[in-house]
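Here is what each chain is made of, one letter per residue.
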Amino acid sequence: MNLWLAIIAVAAVSFTFKAIGPALLGDRELPPAARNVIALLAPALLAGLIVVEVLGPKWTGVDWTLLVGLAATAAAWAWRAPMLLAVLVGVIATALARQLPF
Amino acid sequence: MESEPASDTGGTRPAALSETPRQRLVAGLRVGVGLALAAFMLAVTFGALARSEGWGVIAPIVCSLVVFSGSAQFALAAALAGGGGIPAAVTAAALINARFIPMGVAVAGDLRGGRLRRAIEGQAVVDASWVAAHLGGGRFDRYRLIGATIVQWPAWVAGTALGVALAPPESLVETLGLDVIFPAFFLLLLLDELRGARPSRFAAAVGGVVAAGLVLVVPTGLALLGSTAGALLGLRGKGKQS
């Protein structure tokens, strides 16, 4: 029962968080300064997501093999590989790095 | 299965709005297919984790159906397993998802209809779709946003169901290197974003450094929120550049 309550509560919170901006602002144009900030939200948030994903809470998730995989993905991207192929290269590189004896 | 070229996953797309709504929706769907594969794999691990934590079969699948947020669902599972009770678990998930408030504000002007319809369309805001729909200059392509999300949602639910049914050990996911999938997708989206102006790179650098510092001392959700400070500081870089 507690689990179901928690699920319903998180679903309601998530819905509200995503809905509140569109519902309240409507089609009102944001001032240019706000638009400039929003334009930079994407790179800032993406960098934060990657860092948090790689480091983990209190940096307990640091794993060099994951960094090898990300470097391989970036290299594949630089060679203009399609998105899925670049990710696949990262997966293979990570898996191979984890087979190394150290 | 056709994959999306890396150069077409984000960044500025000034020509995008000259395409028909159908073309923009299809572009979103194409981006969404790649993202859905990543979401599917992550959902398998969520389903397996929830099953191992005693959630049973139905609850994890319903959770993915109605919450549809990997970070919040993992936070919920971890907090419940930690014995913090419902308030702590819901707070942890809410903190993780608080970033959707500014992200929703960002897309508000590009959605359609009255308040209710906009609130529902706002549910299409998930990290990767939001970035993929960014046209640059703080504008978003509504069709691309919805197209990219509409593929990921069923993949997320189906992956959870498979994870619940198979319950693969976490070690298998790690051995196969599948845990790199999500950060790798985020990295590709970021690299495309960074093709643009210098302020984007400055914002990303600040966002990354702030998140790295904060995650040492505060919960992950707060660290993510803190990373958005990079957008404010990026404006300073923009000012200096001009």
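None of the values given here were measured: they were computed from a predicted structure.

Section: the overall build of chain A
Phase 1 of the analysis: When its secondary structure is counted, chain A shows four helices and zero strands.
Phase 2 of the analysis: For chain A, the succession of helices and strands along the chain, N to C, is α-α-α-α.
Phase 3 of the analysis: For chain A, whose C-alpha radius of gyration is 20 Å, the value lies well above the compact-globule estimate of 13 Å for 102 residues.
Phase 4 of the analysis: On the principal axes, the C-alpha backbone points of chain A span a range of 55 × 45 × 25 Å.
Phase 5 of the analysis: In chain A, which comprises 102 residues, the proportion classed as buried is 46%.

Some details on the packing of helix α3 (residues 64-78) of chain A against helix α4 (residues 83-97) of chain A
All names here are of chain A.
Phase 1 of the analysis: Running from N to C, α3 and α4 point in directions that differ by 150 degrees, and their axes come no closer than 7 Å. Taken together, the axis directions place α3 and α4 in an arrangement best described as roughly antiparallel. By crossing handedness, the relation of α3 to α4 is classed as right-handed. Note on element contacts: α4 touches α3 through Leu-85, Ala-86, Val-87, Val-89, Gly-90, Val-91, Ala-93, Thr-94 and Ala-97, opposite Thr-65, Leu-66, Val-68, Gly-69, Leu-70, Ala-72, Thr-73, Ala-76 and Trp-77.
Phase 2 of the analysis: Grouping the constituent residues of the contact of α3 with α4 by class yields 13 nonpolar, five polar and no charged.

Focus on the interface of chain A and chain B
As a measure of interface size, the accessible area lost when the parts come together is often cited.
Phase 1 of the analysis: Taken together, the 68 residues of chain A in the interface contact 89 residues of chain B.
Phase 2 of the analysis: At the level of secondary structure, the elements contributing two or more residues to the side of chain A that touches chain B comprise α1 (2-25), α2 (32-55), α3 and α4 of chain A.
Phase 3 of the analysis: Residue contributions to the side of chain A that touches chain B peak at 21 residues, all from α2(A).
Phase 4 of the analysis: Of the residues that constitute the side of chain A that touches chain B, the class distribution is 50 nonpolar, 10 polar and eight charged.

Description of the confidence of the model for chain B
All names here are of chain B.
Phase 1 of the analysis: Predicted confidence across chain B gives a mean pLDDT of 84, with 88% of residues reaching 70 or more.
Phase 2 of the analysis: Within chain B, no element has a lower average pLDDT than helix α13 (residues 229-241), which sits at 66, and none a higher one than helix α2 (residues 58-66), at 97.
Phase 3 of the analysis: In this model, residues 1-12 is a region of pLDDT below 50 whose contacts with residues beyond four sequence positions or in other chains number 43 contacts.
Phase 4 of the analysis: Interface scoring of the predicted complex returns ipTM 0.85; its pTM is 0.75.

Considering the UniProt feature "transmembrane region" (unreviewed entry) in chain A
Residues and elements named next belong to chain A.
Phase 1 of the analysis: When the UniProt feature table is mapped onto this chain numbering, "transmembrane region" (unreviewed entry) sits at residues 6-25, 37-56 and 76-97.
Phase 2 of the analysis: Secondary structure across residues 37-56 divides into 95% helix and 0% strand, with the first and last C-alpha atoms of the span separated by 27 Å.
Phase 3 of the analysis: Span residues 76-97 is 82% helix and 0% strand, its end C-alpha atoms 17 Å apart.

Details of the confidence of the model for chain A
Phase 1 of the analysis: Mean pLDDT over chain A stands at 89; residues scoring 70 or higher make up 99%.
Phase 2 of the analysis: Ranking the elements of chain A by mean pLDDT puts α2(A) last with 83 and α3(A) first with 96.

What to know about the nonpolar core
Generally speaking, soluble globular proteins have nonpolar side chains that are buried together.
Phase 1 of the analysis: The biggest cluster of nonpolar side chains holds 116 residues, and the ones touching the most others in it are A:Leu46, B:Ala38, B:Leu76, B:Ala93, B:Ile181 and B:Phe185.
Phase 2 of the analysis: For this core, the element with the most residues is helix α1 (residues 21-52) of chain B, which contributes 17 residues.

What to know about the environment of B:Phe185
Phase 1 of the analysis: With respect to the helices and strands, the residue B:Phe185 is situated in helix α10 (residues 181-193).
Phase 2 of the analysis: Distance from B:Phe185 to B:Gly34, taken between C-alpha atoms, is 8.6 Å for residues 151 residues apart in sequence.
Phase 3 of the analysis: The contacts of B:Phe185, once residues within four sequence positions are left out, are A:Val87, B:Leu35, B:Ala38 and B:Ala128.

Remarks on α10(B)
Phase 1 of the analysis: If you check α10(B), its first and last C-alpha atoms are 19 Å apart, about what 13 residues at 1.5 Å a residue would give, namely 18 Å.
Phase 2 of the analysis: For α10(B), the tally of buried residues reaches 13 of 13 residues, placing the bulk of the element in the interior.

Topic: unusual backbone geometry
Residues and elements named next belong to chain A.
Phase 1 of the analysis: Here the phi dihedral of Trp-59 falls at roughly 60 degrees; this positive angle occurs in a residue that is not glycine.
Phase 2 of the analysis: With respect to the helices and strands, the residue Trp-59 is situated in the loop between α2 and α3.
Phase 3 of the analysis: C-beta crowding within 10 Å serves as the criterion here: with 11 such atoms nearby, Trp-59 is assigned to the exposed category.

What counts as what
Residues numbered from 1 in each chain as written. Chains lettered and ligands numbered in written order. Predicted model: local features only at pLDDT ≥ 70, side-chain atom pairs only at ≥ 80, totals over all residues. Helix = DSSP H or I, 4+ residues; strand = E, 2+ residues; numbered from the N terminus. Rg over C-alpha atoms; globule rule 2.2 N^0.38 Å. Buried ≥ 20, exposed ≤ 12 C-beta atoms within 10 Å, placed from the backbone. Axes fitted to C-alpha atoms, helices over the stretch in contact; angles between N-to-C directions. Parallel < 35°, antiparallel > 145°, perpendicular 65-115°, else oblique. Left-handed = near helix turned anticlockwise from the far one by under 90°. Contact = placed C-beta atoms within 7 Å. Nonpolar A, V, L, I, M, F, W, Y, C, P; charged D, E, K, R; others polar. pLDDT = per-residue confidence, 0-100. UniProt positions renumbered as here; feature names shortened; annotations may be inferred. Core = buried A, V, L, I, M, F, W, Y, C linked by C-beta atoms within 7 Å. Expected span 1.5 Å × (residues − 1).

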